[in-house]
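# Chain and residue survey
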Amino acid sequence: MPLETPTAAASKTWDTTTSAPVVPEPSTPPATPPPRKRGWLGWLLAAVVIAGMAWAKAKYFPSPTAGEKGGGKGEKGSGKGGKGGGSGGAGAKVPVQVYVVAATKLSDEVASTGSVLADESVTIQSEISGKITSLNIQEGQPVRKGQLLFTINAADVQAQLQKQEYNIKLYRDQEQRQRTLLAKEYISRQEYEQSQNALLTAQADLAALRVTLQKAFVRAPFDGILGLRNTSVGAYVSPGTAITTLSRVKPVKIDFNVPSRFAQSVRVGDPVLVTDEATTQKIEAKVYAINPQIDPVSRTLPVRAVYANTHMELRPGGFVKVNLELGETAEALQIPTESVVPVASGYTVFTVKKGKAAVQPVNIGVRSDKVIQITKGLAVGDTVIRTGILQVKAGDRVSIQK
């Protein structure tokens, strides 16, 4: 196949002899506004924005302290930086107030609440049914033992009593005649015993009627003060109907409970400080009876004290506060109540040792609203933290404030 030889393209030439070259007209550029000079108001707005951003950064994004910078460098690998961070953390101390443990006298007291009871109290009722014929009840007034309070209509009982007395007279005459006949052997002993039994039965029925008649006259069972009556003369009453109350209020009893852990410490004759809630008057009573059993529900020991109540200081049914004195400890360790921290395993306190906070488990004893007795865990001279406990952790350095 024959090879074709490419031919070179003829070069383009300009004919300068016949005409002048055509020069293209320049295109018109788009109209643009001339740049304007920035005024002083724009510069002022920019300065205000920059100042605001600088203030916000300084307030909400503060720069790290020297200690923190040291710590950061330490984290990147510089050993010196790590030391700097440690010294910066050690310099922060928690301000606290402390209490130095000292031996003090402590009166062992148990605080409780109690109720005032009358020495004797009964509800006056009728034992038989009938209409009240007389009522000798002066409400709120004292009465003596055996004093007549009211009577029940017992006319039917009196009639039966009189009838029975006539029967007894007849049975007694029959018994005497039968005895004479028995002595002469005109009758058998069995016949005589029948007449004798009739007499004895009639006498027993007469005694029962006399007891029923006595129930119609209701008398005071002991010295005391009458309450308010609930009925009037002419009313029909039945057995169990409450007529009034009778209470002996000199002396009075005070019932209260103590926790079972103090059961072995309570003794008959122990003084009891009683505060009346109504008058805030304080009086001193004495324990005179202790229940032999601990209440299995409340785990408390019922105790009863007595007070003479000569001037009617306490009224039965009142509520009182009781402080039972169990003795006195000469060298007790007490600390403020706010220093004790309850935990799952018991109680702890924060102590200060070599300028650092340390956790110390303790056992508590008698407590009040201000101080708590420590029975185990502390010694005289120990320093206990009493404020700032929520901010303190074990090992923190503390600054003791006065």
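Refer to the structure presented above.
Scope of this entry: the structure provided in the associated data block. (Residues numbered from 1 in each chain as written. Predicted model: local features only at pLDDT ≥ 70, side-chain atom pairs only at ≥ 80, totals over all residues. Heavy atoms only, no water.)

## Thoughts on the pairing of strand S4 (residues 130–135)
In this structure, S4 lies alongside strand S9 (residues 236–237), joined through 2 bridges in antiparallel fashion. Across the sheet, residue Gly-130 finds its bridge partner in S9, namely Val-237. In this structure, S4 lies alongside strand S6 (residues 148–152), joined through 3 bridges in antiparallel fashion. Paired with Ser-134 across the bridge in S6 is Thr-151. (Pairing = 2+ DSSP bridges. Helix = DSSP H or I, 4+ residues; strand = E, 2+ residues; numbered from the N terminus.)

## A word on the sheet that holds strand S7 (residues 217–219)
Reading across the sheet, the 4 strands line up as S7-S6-S4-S9 and stay open at both edges, with antiparallel pairing between neighbours. Strands with a single pairing partner mark the edges of an open sheet, and in this sheet they are S7 and S9.

## Here's the deal with helix H5 (residues 189–215)
The terminal C-alpha atoms of H5 lie 40 Å apart, and with 27 residues this matches the ideal 39 Å at 1.5 Å per residue to within 8%. Within H5, the full set of buried residues consists of Tyr-192, Ser-195, Leu-199, Ala-202, Leu-206, Leu-209 and Leu-213. Where the residues of H5 are buried, they touch helix H4 (155–183) and S7. (Expected span 1.5 Å × (residues − 1). Buried < 20%, exposed > 50% of the residue type's maximum accessible area, 1.4 Å probe, protein only. Contact = heavy atoms within 4.5 Å.)

## Some thoughts on unusual backbone geometry
Cis geometry is found at the peptide bond from Lys-250 to Pro-251, where omega equals 5 degrees. Position of Pro-251 relative to the elements: it lies in strand S10 (residues 242–259). Phi angles above zero are rare outside glycine, and Glu-185 is one such case at about 60 degrees. Mapped onto the fold, Glu-185 is located in the loop between H4 and H5. The class for Glu-185 is exposed, based on a relative accessible area of 69%. Its identity as a non-glycine residue notwithstanding, Lys-354 has a phi of 55 degrees, on the positive side. Positionally, Lys-354 belongs in the loop between strand S16 (346–353) and strand S17 (356–367).

## What to know about the pattern of salt bridges
Opposite charge on two side chains permits them to pair, given that their charged atoms come into close proximity. Applying the stated criterion across every chain, the model contains 7 salt bridges. For Glu-175, the salt bridge goes to Arg-179, with nearest N and O atoms at 2.5 Å. Of the two residues, Glu-175 and Arg-179 are both situated in helix H4; the distance of 4 residues between them amounts to about one turn of the helix. (Salt bridge = Lys/Arg side-chain N within 4 Å of Asp/Glu carboxyl O.)

## Quick word on the side chain of Ser-195
Summarising the element assignment, Ser-195 is placed in helix H5. Judged by its relative accessible area of 10%, Ser-195 is buried. At 2.6 Å, the side chain of Ser-195 and the backbone oxygen of Tyr-192 are in polar contact. If near-sequence neighbours (up to four positions away) are discounted, Ser-195 is found in contact with Gln-174, Glu-175 and Gln-178. (Polar contact = N/O pair within 3.5 Å; in protein donor to acceptor, adjacent residues only side chain to side chain.)

## Describing the packing of H4 against H5
Put simply, H4 and H5 touch, their axes get as near as 8 Å, and they point 160 degrees apart. Overall, the two elements H4 and H5 adopt an arrangement that is roughly antiparallel. Crossing of H4 against H5: the hand is left-handed. Residues of the contact of H4 with H5, tallied by class, amount to 12 nonpolar, 9 polar and 8 charged. (Axes fitted to C-alpha atoms, helices over the stretch in contact; angles between N-to-C directions. Parallel < 35°, antiparallel > 145°, perpendicular 65-115°, else oblique. Left-handed = near helix turned anticlockwise from the far one by under 90°. Nonpolar A, V, L, I, M, F, W, Y, C, P; charged D, E, K, R; others polar.)

## Concerning the nonpolar core
Counting residues in each nonpolar core, the largest one holds 25 residues, and the members touching the most others are Leu-149, Phe-150, Ile-152 and Leu-246. Within the residue set of this core, elements represented by two or more residues are S6, H4, H5 and S10. Ranked by residues supplied to this core, first place goes to H5 with 5 residues. Filtering out sequence-adjacent residues up to four positions away, Phe-150 remains in contact with Ile-124, Gln-125, Ser-126, Ser-134, Leu-135, Asn-136, Ile-137, Ala-216, Phe-217, Val-218 and Ile-243. One finds Val-272, Val-287, Leu-301 and Tyr-307 within the second-largest nonpolar core, a separate group that totals 24 residues. (Core = buried A, V, L, I, M, F, W, Y, C linked by side-chain atoms within 4.5 Å.)

## Some thoughts on a nonpolar patch on the surface
Together, Trp-40, Leu-41, Leu-44, Leu-45 and Val-48 line one region of the surface with nonpolar side chains, adding up to about 580 Å² of accessible area. Positionally, Val-48 belongs in helix H1 (residues 40–60). (Patch = residues over 30% accessible without salt bridge, like charges linked within 9 Å, V, L, I, M, F, W, Y side chains within 5 Å. Areas by Shrake-Rupley, 256 points an atom, 1.4 Å probe, with all protein chains shown as cover.)

## Description of H4
The periodicity of an α-helix, 3.6 residues per turn, causes residues three or four places apart in sequence to face the same way. Taking 1.5 Å as the rise per residue, H4 with 29 residues should run 42 Å; its terminal C-alpha atoms sit 42 Å apart, in good agreement. Burial in H4 covers these residues: Val-157, Leu-161, Gln-164, Ile-168, Glu-175, Gln-178 and Leu-182. Where H4 is buried, its residues meet H5. Following H4 by one or two positions, Glu-185 has its phi on the positive side, about 60 degrees.

## Observations regarding the environment of Asp-270
Considering the arrangement of structural elements, one finds Asp-270 in the loop between S10 and strand S11 (271–276). Among the residues examined, Asp-270 registers a relative accessible area of 14% and is labelled buried. For Asp-270 and Leu-326, which are 56 residues apart along the polypeptide, the C-alpha to C-alpha distance reads 7.3 Å. Here the side chain of Asp-270 touches Arg-267 through a polar contact of 2.7 Å, landing on its backbone nitrogen.

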